[in-house]
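What the coordinates show
Okay, here's what each chain looks like letter by letter:
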Amino acid sequence: MSLYDKIFPPRKIVLSNGKTVFRPASRFPLIALILVFLTVLSVKITGFDMRVLLERGNQFFVILGMMVPPAFSYSSQVWKPLFDTIKMSLLGTVVGAVLVVPFAMAASTNIIKNAAVVSAMRLFLSIVRTLPTLVTALIATYVFGLGTLAGTTAITIFTFAYMGKILYEEIETADMGAFEAMEAIGATKVRAFVSAIIPQVLPSYISNGLFCFEGNVRYAAILGYVGAGGLGLILNEKLGWREYPSVGMILIMLFVAVFLIESVSRYCRRKLV
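Here the structure is a predicted model, which means the values were calculated and not measured. (Residues numbered from 1 in each chain as written. Predicted model: local features only at pLDDT ≥ 70, side-chain atom pairs only at ≥ 80, totals over all residues. Heavy atoms only, no water.)

What follows covers the environment of Lys-189. Note that Lys-189 resides in helix H11 (residues 189-220). On the accessibility criterion, Lys-189 (30% relative accessible area) is partly exposed. Separated by 37 residues in sequence, Lys-189 and Thr-152 have C-alpha atoms that sit 32 Å apart. (Helix = DSSP H or I, 4+ residues; strand = E, 2+ residues; numbered from the N terminus. Buried < 20%, exposed > 50% of the residue type's maximum accessible area, 1.4 Å probe, protein only.)

Turning our eyes to something else, we now look at helix H5 (residues 79-99). A rise of 1.5 Å per residue sets the reference length of H5, with its 21 residues, at 30 Å; its end C-alpha atoms lie 30 Å apart and thus fit the reference within 8%. Along H5, the residues that are buried comprise Pro-81, Leu-82, Asp-84, Thr-85, Met-88, Ser-89, Gly-92, Thr-93, Gly-96 and Ala-97. The buried residues of H5 occupy one face: seen down the axis, they fall within an arc of 170°. What points out from H5, more than 90 degrees from its buried face, is the exposed set Lys-80, Lys-87 and Val-98. The inward-facing, buried residues of H5 abut helix H6 (101-106), helix H9 (148-172), H11, helix H12 (231-240) and helix H13 (244-272). (Expected span 1.5 Å × (residues − 1). Arc of directions from axis to C-beta. Contact = heavy atoms within 4.5 Å.)

Before going further, it helps to spend a moment on the nonpolar core. Generally speaking, nonpolar side chains in soluble globular proteins are found buried as a group. Grouped together as the largest cluster of nonpolar side chains are 28 residues, with contacts concentrated most on Ile-111, Leu-167, Ile-171, Phe-179, Phe-193 and Ile-197. Where this core is concerned, the elements lending two or more residues are H6, helix H7 (115-129), H9, helix H10 (177-184) and H11. Among all residues touching Ile-171, those that are not within four sequence positions of it are Ala-104, Met-105, Ser-108, Asn-110, Ile-111, Phe-193, Ile-197 and Val-201. (Core = buried A, V, L, I, M, F, W, Y, C linked by side-chain atoms within 4.5 Å.)

Summed over the entire model, instances satisfying the criterion amount to eight salt bridges. Asp-84 is paired through a salt bridge with Lys-87; the nearest N and O atoms lie 3.5 Å apart. In this pair, Asp-84 and Lys-87 are both assigned in helix H5, three residues apart and thus about one turn of the helix distant. Exposure remark for Asp-84: the relative accessible area of 14% places this residue in the buried category. By relative accessible area, Lys-87 is classed as exposed at 53%. Taken together, the salt bridges that share partners define one network made up of Lys-80, Asp-84 and Lys-87. (Salt bridge = Lys/Arg side-chain N within 4 Å of Asp/Glu carboxyl O.)

At their nearest, the axes of H5 and H13 sit 11 Å apart, and the two run at 35° to each other. The two elements H5 and H13 meet at a crossing, and its hand is right-handed. Taking contact as the criterion, the partners of Trp-79, Leu-82 and Ile-86 in H5 are, on H13, Met-253, Leu-254, Ala-257 and Ile-261. Partitioning the contact of H5 with H13 into residue classes produces seven nonpolar, no polar and no charged. (Axes fitted to C-alpha atoms, helices over the stretch in contact; angles between N-to-C directions. Left-handed = near helix turned anticlockwise from the far one by under 90°. Nonpolar A, V, L, I, M, F, W, Y, C, P; charged D, E, K, R; others polar.)

Here the focus is H12. For H12, every residue scored as buried is listed here: Leu-231, Gly-232, Ile-234, Leu-235 and Lys-238. Angularly, the buried residues of H12 cover 165° about the axis, an arc narrow enough to put them on a single face. Looking at the packing, one finds that the buried side of H12 touches H5 and H13. Just past H12, the residue Arg-242 takes up positive phi, approximately 60°.

These values are about where atoms sit, not about what they do.
Here's what the structure looks like:
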């Protein structure tokens, strides 16, 4: 019996057949207490002040009001950065999703029976997944210089980590009958994987890739803050100069682009899944 059950003993219930059972006390009060404690601790550590939020929060809407009406004349200068954002999102998503396939295969327990290899691959994917995209983009700018190459590299690494975990989990749910049959007749593990497993996980794989691409367009829009090109570069510039009508125009064009991409992606994912 756990300590919680000793403090809050289970409730004794007598069934209609005369059998006695014990119903454990709800853990909700303990969970609620822990959440309250962690919330209070977080407020103390972060210095969160509700009074400041109430007094200054309306300034957010003041700035939004300054973006209306947007500077429609500035739209001609937004097209190129917008297309740069979409291009590096698309390229980064495709490259990351393709590169991760052999790593996801090596991280699947039903494909690779060596526990050390599986653990090493999963640890590697977990480490990559902890890297913030902005930090990755900042490092990439030092390696490749300012521009969309750095942003594409950051998106590729993010997609690699994101798709890796999802893909190896999908592979582990696949029916292994065809895979084992191909191995039994002499096919290599890679050949059996390509012929027997990939057709099963391909629809979900493409669907998740499209979903990842949607998010990458939004992430890529802020990578310009660290010099990785795209919309973030001019967005940072216009915010710095307090040219809010131009900022409004940038946000409107980004919203329309993301909406169209999500609509097409949603349609494609409905057809796939």
